[in-house]
Each structure stands twice: as C-alpha cells, then as structure tokens.
Amino acid sequence: MGTFEERDLARHRFDVADAAPLLLDAQGVVTGWTDEARRLLGHEASDVVGTRMADLLSPEDAERMPDLIERCRRDGGWAGLLTVRRSDGQQVRLMVRVTSAEEPGARARWLVLLSELTGATGWDMSRAVLEQMVDRSPVGIAIVDTDLRFVWSNAALEQYGGGPPVHRLGLRLADIQPGLDADGIEAQMRHVLETGETVVGYEHVGQVQSAPHRETAHVMSFTRLHDDRGRPMGVYYTVVDITERHRARQRLALLDRAGEHIGRSLDIMRTAQELADVAVPAFADFVTVDLLEPVLRGAEVTPGPIGDPDHVPLRRAGQQSVYENVPEAVVAVGSAAAYVAGSPPIRSLTSGRSWREERLDPLAKEWATDIPGGREATFLELGLHSVVIVPIRARGTTLGVTTFFRRHRQEPFDEDDLALAEDLVSRAAVCVDNARRYTRERDAALVLQRSLLPHRLPEQDAVEVAACYRPADELTGLGGDWYDVVPLSGARVALVVGEVPGHGIDAAAAMGRLRTAVRTLAALDLPPDEVLAHLDDLVALSAREEGVEPDAAGSDTVGSGCVYVVYDPVDGQCAMAAAGHPAPAVIMPDGHVTFVDLPLGPPLGAGGPPFEAVELALAAGSTLALHTDGLLAHGDDWALDVDRDRLRRALEERAASLDLRCRSVVDALSPERPHDDVALLMARTKLLGSDQVADWDLPMDPAVVADARKAAARQLTEWGLEELAFTTELVVSELVTNAIRHSSGPVRLRLIRERALVCEVLDGGATAPHLRHPRTTDEGGRGLLLVSQFTQRWGTRFVPEGKIIWAEQSLTDPR
C-alpha cells in the first residue's frame with residue numbers, strides 16, 4: 001500500500017470483511033449462523049440456532065446481555081468487547097458490533113459481527129501502557145464520581161495547583177480551586193451526567209492556586225463514563241491552559257473597541273474621556289487623561305517632548321474608575337492637574353517615554369500637587385498597586401499623558417500590558433490631535449464669522465429687533481449663515497437674512513463679502529428685487545473671475561440664498577424679495593402665524609428668471625420672522641409643509657420679550673449642537689404717529705420756497721426743535737428750490753421726527769443731483785454742498801412718482 005492513510009483505510013475494510021456475521025432476534029436468540037461464525041467458534045449451526053446468545057458467552061458477559069439488548073433497542077446498536085466460548089471450551093475475547101437488520105413490516109432482527117483481536121493494535125495494551133499515556137500527557141485529566149468528587153487525576157493537573165493526585169481524592173473542585181467559578185464548572189458536569197451529552201471547548205477565566213494573583217483562562221471538555229452495565233459512574237474531563245490565547249483575544253478586542261469608540265466626535269474633552277472609558281475595566285481599574293492646556297484650546301504645540309519640566313500646564317480631560325464617582329481622583333474633569341516636579345508623569349512628558357512600575361511603594365504619596373482641600377494620600381490609602389504611564393504623542397508632538405492604575409485586579413502590569421497601553425494611547429493620540437486641529441480651524445471660522453456678523457443691532461424706531469445665531473456643531477456644518485439690519489432713509493429699515501454654501505473658513509469669508517455687498521447696495525435705496533438683481537450680477541461676475549461657470553458649483557458664493565425686506569414705519573408698507581431662500585413668516589398682533597406668499601427666485605449667481613418683489617401692509621405689532629433653512633428639520637421642498645407646521649407651532653408660543661421668543665424658537669427647532677448653522681431674525685413692526693410726520697404739497701412756483709421755510713419752522717416749534725430751525729430752513733430752501741428749478745411735476749415736502757429729523761422733497765424728475773465743488777467766483781452750485789455740510793447725511797432714492805432728495809439731522813447725537 002502507499003500512504004499511511006491508505007493502509008489504515010485498507011485495514012478498516014479488511015476488518016469488516018473478515019468479520020463473522022450471525023443473526024439474532026429481538027430477544028437475543030440466534031436465528032442465523034454462517035460458515036464464518038462456525039470457523040471462528042467451531043459451533044455447528046444445528047447446535048446454536050434457536051439458543052440464546054448469552055449461552056455462548058462467559059458467565060460475566062452473559063449477565064450483561066439484557067442490558068446490551070436494551071441499549072441496542074435504545075441506541076440502534078452497540079459495539080464493544082465480549083468473551084465468547086468456543087466449541088472446545090476455550091474462551092476468546094472478540095470485538096462485537098451489533099447493528100439493526102430490521103426490514104419494513106418484519107420483526108426486529110440484529111446483525112452481529114464478530115472480529116478477532118489478534119493483530120488489532122491497542123486492544124491488547126496493558127494497563128501500564130495506558131497509564132503512561134494519561135500520566136505523561138501534558139493535558140490535565142481528572143475523573144469525578146457522580147457526587148463530583150475526585151477519584152482520579154493525572155500529574156499534569158498539578159500545574160494548576162492543589163497538590164498531587166492523592167491530595168485531591170474525595171474533594172470537590174471548590175475545595176481545591178476556590179479562585180475558579182466552581183459552580184459554573186460543576187453545572188457543566190451535572191449536565192453531562194444527566195444527559196450523556198459530551199461538552200467540548202468550555203472556556204472559563206479565574207485564578208488558580210498556582211497563580212493566585214494572575215487571571216488565567218482554560219478550556220475544558222467533559223465526557224460521561226459508564227460501568228459495564230451502561231450506568232453513569234462519573235465524568236471524565238480534560239483541562240488545557242489557553243491564557244496566552246485568551247489575553248491575545250482580549251488585547252485585540254480592546255483595540256477593536258478603541259477603534260470603534262475613541263474619536264467618534266471631534267471634541268477634545270470627549271475624545272479624552274472615551275480613552276478612559278475604553279480602558280476601564282478591560283485593562284485598568286483607574287485611568288486619568290491629562291492634556292496640555294494649549295491642546296484644549298486648539299493651539300499649536302511645539303514638536304517634541306516638553307522642554308520646561310518646572311512649568312507643565314496640564315488640565316484633566318478625562319478619567320474613569322471601576323468604582324462609582326471615581327473616588328481615586330483628586331481633581332475633577334476640566335480642572336487644572338499639577339504634579340510634583342520630577343514625578344513619573346512629568347518625567348514621561350519631558351522625556352516622551354513610557355514608564356511602568358509593577359509594584360508601587362504603598363507608603364509613597366501620590367504625585368499630584370496643589371490638590372483642592374489639601375488632601376495628600378498614599379498609594380496604600382488609595383488602594384493603587386501597579387501603574388503604567390504613557391505620553392500622548394501624535395505627529396512628533398507631545399499632547400499630554402495617560403496614567404493607568406490597577407486597584408481591584410491584583411495582577412500587576414507586565415511588559416505586554418505596557419505595549420498594549422502604548423498601542424491604545426497612540427491610537428487615541430491621533431484622534432486627540434485631529435480634534436485639536438479641528439478645534440483650531442472651527443474656532444478660527446467662528447471668530448471670523450462672528451466678526452462679520454453685527455456685534456449689536458443698530459438703533460432705529462421702525463422695528464423692535466431680536467436675533468439668534470447658533471453655529472453648527474461640526475466644522476463640516478459651519479457655514480455662512482448671516483443676518484443684518486440696515487437703517488434706510490425716511491425712517492425705513494432693511495432686514496436681511498442669507499446663507500452661503502460650503503463650510504468652514506471659506507464659507508465665513510464668502511459670507512463677509514456677500515454681507516458687505518448687500519450693505520453697499522442697501523445704501524443706494526434700491527427696491528428689494530433690484531438689490532437682489534445687482535447682487536446676483538456681482539456673484540455671477542465673481543464666479544466668472546474665479547473661472548467657474550455661474551450655474552456650476554465651485555465658487556464660494558454661487559448658490560447663496562438671501563431674503564431682503566424693506567419696512568416703512570410711516571405707512572406700514574413692507575416690500576420683500578427672495579433668492580433661493582425660505583419666505584419669511586408673519587406673526588399677527590393676535591398671535592396668528594402666516595407665511596408670505598413670496599415668489600422664490602433662483603439662488604444668487606445661478607441664473608434664471610428675474611426676481612419678483614411683493615408688497616404688503618403690516619399692522620403695528622406684527623412680527624416678521626426671517627430665518628435660514630437650518631431652522632427647518634428637512635429644508636427640502638417635499639417636506640416644506642411639515643417644516644412650516646413645526647415652525648408655526650414654535651412661533652405661536654408667547655414669551656415675555658421678543659428676545660426670549662426668538663431664542664425659544666431656536667431652542668425648540670434646533671438642537672443645542674445643530675448639524676447646520678441656524679440664524680433667526682425677528683422684527684416687531686411699529687408705526688410712526690401722525691404727530692411725527694408732516695407733509696405739504698407745493699406748487700411749481702419759486703415764490704413758494706419762502707412759504708415752505710415758514711411751514712417747516714412752525715412744525716419744528718410744535719415739536720420743540722427750535723434749535724434746528726435755522727439749519728432746517730436752509731435745507732428746505734435749497735431742496736425745494738432745486739426741485740422747482742430742475743424738475744417737472746408735483747413737489748412734496750415731508751418732515752419726519754424719530755431718532756433723526758428727516759427732511760424729504762419729492763419731485764417728478766428722473767435724474768439724481770450731483771454734489772459740486774464750486775469755485776470762489778461761481779455764483780451758484782453751492783446748495784447741495786451746504787446741505788451736506790449742515791446735515792448728518794443726505795441722499796437720493798427713486799420712487800414710481802420720481803425721486804426723493806432727503807437729508808437727516810440727528811436728534812440723539814450730543815454733537
């Protein structure tokens with residue numbers, strides 16, 4: 001034959017083919033005898049057919065026949081050794097296999113195969129040989145009786161402690177190994193005894209007598225043993241030490257858990273706490289994570305270890321313990337953490353190397369200093385006995401230090417534990433550094449964005465204003481949401497809310513450019529749709545200069561949204577237009593909330609149809625709510641009705657002040673740390689009283705100029721503003737004179753008293769006047785120059801009837 005496997009297979013086939021078959025009925029009576037059986041045992045068929053099989057066996061085995069027949073019925077067969085009498089009276093030991101030969105519809109029959117043991121290696125081994133096998137086996141082996149008391153064990157079991165085999169006799173597992181889960185192991189033994197099922201690969205962890213301070217792992221297998229009658233007589237089990245494999249699995253599981261749980265956010269403090277949470281209790285009993293204060297601020301840290309060991313500004317960023325409330329901690333998370341100069345944590349920071357101490361001096365004092373309350377405790381008092389200190393280093397820079405203590409676990413840290421701690425901290429260090437870099441960029445973006453938002457809203461009497469801005473939690477969500485309030489001429493005010501696509505510093509910078517452009521266009525006193533049209537042209541031009549098509553992504557401002565509202569407190573008229581932005585909501589004085597039916601124009605720079613403006617009259621006490629889409633849950637067209645319902649319910653809630661109402665709306669609709677920026681601008685409208693506005697229609701006659709001056713002077717006297725009479729008469733004279741001289745159509749003079757005294761002259765002309773600088777010899781051209789010198793500001797705005805020249809004198813400026 002060829003290979004060993006082939007020879008073994010051939011032997012197996014030869015044994016079966018060479019067996020002597022015979023037949024038995026259900027009661028064990030011989031019903032069939034073959035020539036092979038005659039040659040093997042010498043009995044003729046006429047002598048044995050009809051007799052009991054038990055009559056052919058030795059007396060001892062004959063007694064077992066009833067049990068064997070029952071086992072055949074229960075198990076479908078049986079195999080084992082029997083002693084059979086030959087015809088000459090000699091007894092021979094045979095291998096017997098019994099299998100069912102029952103046919104459908106017929107009585108039960110059993111096929112018996114008899115094989116000689118001659119040449120069957122193993123079956124004739126002596127007891128001494130078999131004892132050598134178990135005694136010299138490196139695998140721990142033991143046998144317990146049905147009461148689970150030891151009746152035998154091999155020498156290999158001594159490696160786990162508990163003494164030699166003779167000392168185990170009659171004892172239970174808990175008597176020998178109190179550090180193991182004896183109840184769990186004996187539960188497996190009882191299960192095997194009751195069911196006969198073999199248990200393979202049962203793993204358990206505990207402390208054995210040979211290593212009482214070290215956690216060890218073992219795998220066990222259990223098999224039920226039977227006596228000759230098939231009755232359970234005990235359990236045979238084996239034990240294999242798998243501690244190294246178990247610890248390797250633990251290390252991999254810890255590192256996998258670290259990869260899953262550390263760095264789930266870009267918050268530095270949270271990342272440090274995640275490191276402590278992962279290490280306890282799987283690796284240590286008490287862990288502290290201290291970071292350099294510049295790291296927590298997101299600042300750059302000098303590469304390499306810490307240079308000055310006497311000044312190491314640390315702050316506790318995370319800590320965890322197996323005990324509730326972390327009783328070992330001497331400082332709270334977020335507090336400054338100071339250590340004695342030259343102590344192991346400081347040495348680890350300054351050298352950049354890890355440090356391990358298997359057994360701490362129990363009488364040595366803890367390393368922390370400047371402890372609140374002046375507490376000083378020894379390691380014995382704290383219950384800490386072993387430590388590993390690992391500096392937190394990433395990209396060649398030291399960021400802090402992590403300290404691992406053991407308290408409850410008696411096993412000290414070893415070299416493998418040190419390597420695991422360094423691996424764990426190195427993974428966390430990258431996450432901490434990423435969080436630091438993110439914090440730096442996000443803070444810079446927030447500073448830039450907030451510097452470009454209004455530091456305070458301008459004072460004006462047209463509306464009562466409140467605003468709330470909430471930046472995104474993540475840098476990827478920090479965009480260019482913005483708002484503005486711009487006082488206009490004629491006591492009017494412009495309300496603006498917008499957002500820029502993109503995120504981070506680029507988006508904040510783009511927002512600043514867009515806001516500046518809007519304020520510049522607002523100063524021209526253009527209608528809302530014209531403001532957006534000019535803004536759209538500027539964005540498209542900027543995109544082309546950057547080499548980006550107006551309808552393509554890539555520009556910082558293309559695709560921006562903006563809603564521009566102008567409110568006039570004289571007559572309560574409100575005009576607005578929108579470019580790719582949600583329409584404002586209006587809260588009526590009775591609390592009812594509606595949404596303006598405002599045509600939604602295309603986003604800025606994207607091209608499309610012209611912008612459309614709508615006008616509506618607002619009663620005094622109405623509140624406009626302008627917001628970015630971050631306030632809406634979805635911000636998509638398909639969910640517009642759902643989002644508006646949520647916003648309507650939030651706006652209907654009343655509050656003690658407009659500012660509180662604005663903040664409560666944002667709190668209700670946006671989480672504390674939203675995924676996108678949120679901006680909400682609320683403006684409660686006011687109307688100027690009839691005693692604050694005076695106007696006169698003037699004929700196109702130069703002689704009316706004197707009457708206009710007198711009418712203005714009388715009105716100022718009624719308002720108690722006599723000190724402004726001279727300047728106002730001069731302004732009225734110049735503006736009315738220019739209107740009559742250079743334009744056609746009706747002329748109207750209007751005075752408005754609010755935070756400033758506004759003088760307006762309306763004429764039918766379509767050309768704007770220009771400020772001239774006349775020479776000394778010129779006889780005219782000084783009118784607007786005088787107006788500009790004697791007033792706070794002046795300008796021109798166009799209306800459907802013509803144009804309005806206006807000038808303002810402050811009533812609040814002490815100058």
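Above this text you will find the structure in question.
So, a few notes on the structure that sits alongside this text. Computed from a prediction, not measured in an experiment: that's the story for all the values here.

What the protein contains, in helices and strands, is 21 helices and 33 strands. By the burial criterion, 47% of the 815 residues in the protein qualify as buried. Taking all contacts inside the protein whose residues are at least 6 apart in sequence as the whole, residues at least 24 apart take part in 61%. Taken as a whole, the protein presents about 39700 Å² of accessible surface, with 51% of it coming from carbon and sulfur.

Moving on: the packing of helix H9 (residues 243–261) against helix H14 (residues 415–452). At a closest axis distance of 10 Å, the pairing of H9 and H14 adopts a crossing angle of 15°. Taken as axis vectors, H9 and H14 run roughly parallel relative to one another. In terms of crossing hand, the pair formed by H9 and H14 is right-handed. From H9, Arg247, Arg251, Leu254, Leu255 and Ala258 reach across to H14, where they touch Asp416, Asp417, Leu420, Asp423, Leu424 and Arg427.

With that out of the way, let us pick up the pattern of salt bridges. Per the counting criterion, the structure on display carries 44 salt bridges. One salt bridge in this structure joins Glu328 and Arg407, with 3.0 Å as the shortest N-O distance. Here the residue Glu328 occupies a position in the loop between strand S12 (314–321) and strand S13 (336–339), and Arg407 occupies one in the loop between strand S17 (397–406) and H14, the gap between them amounting to 79 residues. What makes Glu328 buried here is its relative accessible area of 3%. One salt bridge connects Glu459 with Arg755, and the closest N-O pair in it is separated by 2.6 Å. Of this pair, Glu459 sits in the loop between H14 and strand S18 (463–470) while Arg755 sits in the loop between strand S30 (747–753) and strand S31 (756–763), and the two are 296 residues apart along the sequence.

Right, let's talk about the sheet that holds strand S14 (residues 355–357) for a bit. The sheet built from seven strands is open, its strands ordered S14-S16-S17-S11-S12-S13-S15 with antiparallel pairing. Among the strands making up the open sheet, the edge pair consists of S14 and strand S15 (368–369). Where S12 and S13 come together, two bridges link them in antiparallel fashion. If you follow Leu314 over to S13, its bridge partner there is Ala337. Against the sheet, helix H10 (residues 268–279) engages strand S11 (286–292), S12 and S17, with an angle of about 35° to S12.

Here we have five strands laid out as an open sheet, ordered S18-S28-S27-S23-S24, and antiparallel in their pairing. Two strands lie at the open edges of the sheet, namely S18 and strand S24 (593–595), each paired on one side alone. Between one strand axis and the next, the sheet turns through 20° on average, direction left out of account. Of the pairings in the sheet, the one linking strand S23 (residues 585–587) to S24 comprises three bridges and is antiparallel in character. Directly across from Ala585, in S24, lies its bridge partner Phe595. Relative to S18, helix H18 (residues 658–669) is tilted by about 30°, and along the sheet it contacts S18, S23, strand S27 (623–627) and strand S28 (678–685).

Taking 1.5 Å as the rise per residue, helix H16 (residues 528–545) with 18 residues should run 26 Å; its terminal C-alpha atoms sit 26 Å apart, in good agreement. Regarding H16, the residues found buried are Pro528, Val531, Leu532, Leu535, Asp536, Val539, Ala540 and Ala543. The buried residues of H16 occupy an angular sector of 165° when the element is viewed end-on, so they sit on one face.

Residues Phe726, Leu786 and Phe790 make up a contiguous nonpolar surface patch of about 310 Å² in total accessible area. Within the fold, Leu786 resides in helix H21 (residues 783–790). The class of Leu786 is partly exposed, set by a relative accessible area of 31%.

We now examine the environment of Ser58. With respect to the helices and strands, Ser58 occurs in the loop between helix H3 (45–48) and helix H4 (59–75). Note: C-alpha distance between Ser58 and Arg85 (27 residues apart in sequence) is 6.5 Å. Leave out the neighbours within four places in its chain, and Ser58 touches Thr83 and Gln91.

A few words now on H4. For H4, built from 17 residues, the straight-helix expectation of 24 Å at 1.5 Å per residue is met to within 8% by its first-to-last C-alpha distance of 24 Å. Roughly 40° is the biggest bend found in H4, and it falls at Met65, with proline Pro66 one to four residues downstream. Looking at the packing, one finds that the buried side of H4 touches strand S3 (77–85), strand S4 (91–100) and strand S5 (109–116). Within two residues after H4, Gly76 carries a phi angle of roughly 80°, on the positive side.

Looking at the element boundaries, Arg251 is found in helix H9. Setting aside anything within four residues of it in sequence, one finds Arg251 in contact with Asp416 and Leu420.

Turning our attention to the state of the cysteines. By definition, a disulfide is the covalent link that joins the sulfur atoms of two cysteine residues. In total, this model carries zero disulfides according to the counting rule given. Left unpaired, Cys468 is separated from the closest cysteine sulfur, that of Cys662, by 5.2 Å.

Here Val280 and Pro281 are connected by a cis peptide whose omega angle stands at 0°. Positive phi, close to 65°, is recorded for Leu148, a residue that is not glycine. With respect to the helices, strands and loops of the structure, Leu148 is situated in the loop between strand S6 (140–144) and strand S7 (150–153). You will see that Arg395, though not glycine, has its phi angle at about 55°, which is positive. Of note, Arg395 is situated in the loop between strand S16 (386–394) and S17.

Between H10 and H14, the least distance of the axes is 8 Å, while the angle of their chain directions is 165°. Judged on the interaxial angle alone, H14 and H10 are roughly antiparallel. In this structure, H10 crosses over H14, and the sense of that crossing is right-handed. Across the interface between the two elements, Ile268, Thr271, Leu275, Val278 and Ala279 of H10 pack against Leu424, Ala428, Cys431, Val432, Ala435, Arg436 and Thr439 of H14. By residue class, the composition of the contact of H10 with H14 is nine nonpolar, two polar and one charged.

The class of Arg407 is partly exposed, set by a relative accessible area of 25%. It is 4.7 Å that separates the C-alpha atoms of Arg407 and Leu384, two residues lying 23 residues apart in sequence. What Arg407 contacts, discounting residues up to four positions off in sequence, is Asp285, Tyr323, Pro327, Glu328, Leu382, Gly383, Leu384 and His385. A polar atom in the side chain of Arg407 sits 3.3 Å from the backbone oxygen of Leu382.

Attention shifts here to the pairing of strand S19 (residues 482–487). Most of S19 is tucked away: five of the six residues are buried. Here S19 pairs with strand S20 (residues 493–499) via six bridges, running antiparallel. Looking at S20, one finds that Tyr483 is bridged to Val497. Taken together, S19 and the strand that follows it, S20, pair antiparallel across an intervening segment of five residues, in which Gly490 is found at a positive phi of about 70°.

It is worth spelling out the nonpolar core at this point. Phe404 and Leu424 are the most contacted members of the largest nonpolar core, which has 59 residues in total. Among the elements that line this core, the one with the most residues is H14, at nine residues. In terms of nonpolar packing, the next biggest core, distinct from the first, is built from 53 residues, Val485, Leu488, Ala579 and Ala679 among them.

Cut-offs and rules
- Residues numbered from 1 in each chain as written.
- Predicted model: local features only at pLDDT ≥ 70, side-chain atom pairs only at ≥ 80, totals over all residues.
- Heavy atoms only, no water.
- Helix = DSSP H or I, 4+ residues; strand = E, 2+ residues; numbered from the N terminus.
- Buried < 20%, exposed > 50% of the residue type's maximum accessible area, 1.4 Å probe, protein only.
- Contact = heavy atoms within 4.5 Å.
- Areas by Shrake-Rupley, 256 points an atom, 1.4 Å probe, with all protein chains shown as cover.
- Axes fitted to C-alpha atoms, helices over the stretch in contact; angles between N-to-C directions.
- Parallel < 35°, antiparallel > 145°, perpendicular 65-115°, else oblique.
- Left-handed = near helix turned anticlockwise from the far one by under 90°.
- Salt bridge = Lys/Arg side-chain N within 4 Å of Asp/Glu carboxyl O.
- Pairing = 2+ DSSP bridges.
- Expected span 1.5 Å × (residues − 1).
- Arc of directions from axis to C-beta.
- Patch = residues over 30% accessible without salt bridge, like charges linked within 9 Å, V, L, I, M, F, W, Y side chains within 5 Å.
- Bend = angle between axes of the 7 residues up to and from the residue.
- Disulfide = S-S within 2.5 Å.
- Nonpolar A, V, L, I, M, F, W, Y, C, P; charged D, E, K, R; others polar.
- Polar contact = N/O pair within 3.5 Å; in protein donor to acceptor, adjacent residues only side chain to side chain.
- Core = buried A, V, L, I, M, F, W, Y, C linked by side-chain atoms within 4.5 Å.

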